[in-house]
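Structural characterization, general
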Amino acid sequence: MIDLFDTFVQLQQAARPSGLESPCAKLLAQWAAPLCDEVAIDPLGNVICHKKGPGKKLMMVAHMDVIGLLVTHIDEQGFLRFACIGGFTPYRLIGTRVRLESGLCGCVCCDEKAVAKPAGQVKAGDLYIDIGAKGREEAQKLVQIGDVAMYEGDPVQVNGKVISPYCDDLIACAALLKAMELVENSENDLYFVFAVQEEVGLRGAQVASYGIEPDYGYCMDVTRTGDCPAEKAKMVVALGKGPAIKIKDSSLLCNPQAVAALRRAAEENGIAYQDEVLTAGGTDSAAMQQSKAGVLAGCISIPCRYIHSPNEMVSLQDVEQCARLMALAAGQAL
């Protein structure tokens, strides 16, 4: 039986930024193999898990890539300049500890001239990673141009919540795997997809959807909340109140048929849910919706505080209910 937190911890240990997802893909493919009829990894790196059924094709996707930093230059003093892989708010990086793939750790610091800037005006180019090198020559022995760095920090549980740098979207990968385990019989032809490169343009889901040609597509991703002082967004979504069923984000308007199907699955099975309208941000639902001749697309969202920060927070109870809802939606007739 899949334990959501333990699975998530192992996924974070294997996780890599967009374009480098292979370790995570291999792990997910290994876990999925006993739970479905076929598992394949496509040329882009998506893990596609097929549970055969007689009915309509339903594609369910969570992305396994995470955001990161890519080394672009090593200056004379041995400090690493970088570009961002995925979305960062640069000033929030200041003082953050990061880890390169080699295991080498460093901290993100800010140029003296940029310290006086208003927070919103700090750019990635104002920042650097300090690995303690004496100069460029020593740094070059430890780091190459193109090396990637990630937030450093193990997942922890606090009061029923999970705090981790990479809830987005590894916690949804764990939940999608759990949903695969929960689905025993379905009238639908099911495809569970762990997608690559979501953070840099929804690329993996677009490719997978093009090949699968689903009738319906459900994404599982995190969404912002409106229940803490750090969030300016006027949202009713809150931690601990259940899955959020997306109506709109900045990348798509969910198809009413998909929204109705997800609501029906929740209401008929006593799952409390929240309605979600996200004013900024997008998901793999949009990539599926626009694939080929079009796909009826919806999304089950996991409420998450502090998205794309070193300390994202989700409710484990919400994650469990999201997995259950996805399994129920997968099993109902479309």
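It should be noted that the structure appears before, not after, this text.
So, here's what we can say about the structure. Given the structure is predicted, the values throughout are model-derived calculations rather than measurements.

**Here's the deal with the overall build of the protein chain**
The number of helices and strands found in the protein chain is nine helices and 17 strands. Here the C-alpha radius of gyration of the protein chain, 20 Å, is about what a compact globule of 334 residues would show, namely 20 Å. Along the first, second and third principal axes, the C-alpha set of the protein chain runs to 65 × 40 × 40 Å. Here the protein chain, with 334 residues, has 55% of them falling under the buried criterion. Within the protein chain, counting contacts between residues at least 6 apart in sequence, those at least 24 apart form 75% of the total. Carbon together with sulfur atoms contributes 49% to the accessible area of the protein chain, which is approximately 14,200 Å² in total. Of the charged side chains in the protein chain, 30 are positive and 41 negative, and the gap between their average positions amounts to 4 Å.

**Observations concerning the sheet that holds strand 17 (residues 312-315)**
The strand order 10-11-17 describes an open sheet built from three strands, whose pairing is antiparallel. Looking at the sheet topology across the chains shown, the edges are occupied by strand 10 (156-158) and strand 17. When the angles between neighbouring strand axes are averaged without regard to direction, this sheet yields 30°. By the bridge criterion, four bridges tie strand 11 (residues 161-164) to strand 17 in an arrangement that is antiparallel. Bridge pairing in strand 17 links Ser164 to Glu312. Relative to strand 17, helix 5 (residues 167-182) is tilted by about 30°, and along the sheet it contacts strand 11 and strand 17.

**Quick look at the packing of aromatic side chains**
Each aromatic ring pair is characterised by the separation of its centres together with the angle its planes make. Enumeration over the complete set of coordinates arrives at four aromatic pairs. Judged by centre distance (4.8 Å) and plane angle (50°), the rings of Phe79 and Tyr128 are tilted. One end of the pair, Phe79, is in the loop between strand 4 (68-74) and strand 5 (80-85); the other, Tyr128, is in strand 8 (residues 127-130), and 49 residues separate them in sequence. Aromatic side chains Tyr151 and Tyr166 sit 5.9 Å apart centroid to centroid with 35° between the ring planes, which places their arrangement in the tilted category. Of this pair, Tyr151 sits in strand 9 (residues 148-151) while Tyr166 sits in the loop between strand 11 and helix 5, and the two are 15 residues apart along the sequence. Comparing Tyr151 with Tyr166, the two get one shared label, buried. Among the aromatic residues, ring-to-ring pairing joins Phe88, Tyr151 and Tyr166 into one connected group. The ring of Tyr210 is capped by Lys292, whose NZ or CZ atom sits 4.4 Å from the centre of that ring.

**Focus on the sheet that holds strand 12 (residues 189-195)**
As a general point, the strands of a sheet are linked pairwise by backbone hydrogen bonds and lie either parallel or antiparallel. Spatially, the eight strands line up as an open sheet ordered 1-2-12-3-13-16-14-15, and their pairing is mixed. Across the chains shown, the open sheet's two edge strands, defined by having one partner strand only, are strand 1 (38-41) and strand 15 (274-277). Taking the axes of each pair of neighbouring strands and ignoring which way they run, one obtains an average angle of 25° across the sheet. Sheet topology note: the strand 2 (residues 47-51)/strand 12 ladder contains five bridges and is antiparallel. Bridged to Lys51 within strand 12 is Leu190. Docked against the sheet, helix 6 (residues 203-212) engages strand 2, strand 3 (57-63) and strand 12, running at close to 165° with respect to strand 3. On top of the sheet, helix 7 (residues 256-268) reaches strand 13 (216-223), strand 14 (244-248), strand 15 and strand 16 (296-303); it is set at about 50° to strand 16, its chief contact.

How each quantity is defined
- Residues numbered from 1 in each chain as written.
- Predicted model: local features only at pLDDT ≥ 70, side-chain atom pairs only at ≥ 80, totals over all residues.
- Heavy atoms only, no water.
- Helix = DSSP H or I, 4+ residues; strand = E, 2+ residues; numbered from the N terminus.
- Rg over C-alpha atoms; globule rule 2.2 N^0.38 Å.
- Buried < 20%, exposed > 50% of the residue type's maximum accessible area, 1.4 Å probe, protein only.
- Contact = heavy atoms within 4.5 Å.
- Areas by Shrake-Rupley, 256 points an atom, 1.4 Å probe, with all protein chains shown as cover.
- Lys, Arg positive; Asp, Glu negative; His and termini not counted.
- Charge placed at Lys NZ, Arg CZ, Asp CG, Glu CD.
- Pairing = 2+ DSSP bridges.
- Axes fitted to C-alpha atoms, helices over the stretch in contact; angles between N-to-C directions.
- Phe/Tyr/Trp six-rings, centres within 6.5 Å; stacked < 30°, edge-to-face > 60°.
- Lys NZ or Arg CZ within 6 Å of the ring centre and 35° of its normal.

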